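Remarks on the overall topology
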Amino acid sequence: QALQQALGRTLCKPMKVLNNRSRTAASKNVAILGHYPDSFQGDLNLRNLYLQGMPVDKNKSTRVFNFFGHTHVQECKGQDANGRCVDFLTGGSGGCCGFGDVPAGFVALSFNGAREQITECFTTPECTIRTYAQPANSFSLSLNDIGQAQSTL
């Protein structure tokens, strides 16, 4: 029970920050960086939570992007009313797992002429690493190889 209480307090702190930031809505560009997808958090979407806490008059003029990873793929998990991706599963460039974890890659944000954040690239070729896992027989590295490489440094 003590562990559960400690974990509850740990979770409350970032949620308090999120709520305070959304209440003031001081910026028209918001990027939320998390680790776990909604499905790993009891379907809790941090972008939706942020939008719910914002003053209603700022909802349409604020761009809120939600970034998370953990599962090592690139995929848009939610779009806004204009069809723009706003929930980015972008855990693919960490070099994990197997051949099913593609496309691997990253996301790059930029700002347009109106100073609104936009996605410069996400699942397009310039931000996509087709595959990052090697077949088991095509590449191997022994501890001896690592030792020899370190001795030349």
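Remember, predicted model here, so these are calculated numbers, not experimental data. (Residues numbered from 1 in each chain as written. Predicted model: local features only at pLDDT ≥ 70, side-chain atom pairs only at ≥ 80, totals over all residues. Heavy atoms only, no water.)

1. Comments concerning the overall build of the protein
Scanning the protein for helices and strands turns up three helices and eight strands. Every one of the 153 residues in the protein was classed for burial, and the buried ones make up 29%. Taking the contacts inside the protein whose residues are at least 6 apart along the sequence as the reference set, 55% of them involve residues at least 24 apart. Surface summary for the protein: the accessible area is close to 10200 Å², and the carbon and sulfur share equals 55%. (Helix = DSSP H or I, 4+ residues; strand = E, 2+ residues; numbered from the N terminus. Buried < 20%, exposed > 50% of the residue type's maximum accessible area, 1.4 Å probe, protein only. Contact = heavy atoms within 4.5 Å. Areas by Shrake-Rupley, 256 points an atom, 1.4 Å probe, with all protein chains shown as cover.)

2. What to know about the pattern of salt bridges
Taken as a whole and judged by the stated rule, the model has three salt bridges. Here Glu75 makes a salt bridge to Lys77, at a shortest N to O gap of 3.3 Å. (Salt bridge = Lys/Arg side-chain N within 4 Å of Asp/Glu carboxyl O.)

3. Quick word on the state of the cysteines
By the definition in use, this model includes one disulfide. Sulfur-sulfur distance for the disulfide between Cys76 and Cys85 comes to 2.4 Å. As the torsion about the S-S bond is roughly 115 degrees, the Cys76-Cys85 disulfide counts as right-handed. Assessed through its relative accessible area of 31%, Cys76 is described here as partly exposed. (Disulfide = S-S within 2.5 Å.)

4. Quick word on the pairing of strand 2 (residues 63-68)
Of all six residues in strand 2, six are buried, a share of seventy percent or more. Neither face of strand 2 is left uncovered, since the one carrying Arg63, Phe65 and Phe67 and the one carrying Val64, Asn66 and Phe68 both have all their residues buried. Relative to strand 2, strand 1 (residues 29-33) runs parallel, the two being bridged by five bridges. Along strand 2, the bridge assignment pairs Asn29 with Arg63. Crossover handedness for the path strand 1 to helix 2 (residues 46-53) to strand 2: right-handed. Taken together, the three bridges between strand 2 and strand 4 (residues 85-90) define a ladder with parallel strand orientation. In the strand pairing of strand 4, Phe67 is matched with Phe88. (Pairing = 2+ DSSP bridges. Right-handed = clockwise from strand over helix to strand, strands pointing away.)

5. Quick look at the confidence of the model for the protein
Mean pLDDT over the protein works out to 76, with 68% of the residues at or above the 70 mark. Ranking the helices and strands of the protein by mean pLDDT puts helix 2 first, with 94, and helix 3 (residues 143-151) last, with 46. Confidence drops under a pLDDT of 50 for residues 131-153, and excluding neighbours within four residues, the segment shows 16 contacts in the predicted structure. (pLDDT = per-residue confidence, 0-100.)

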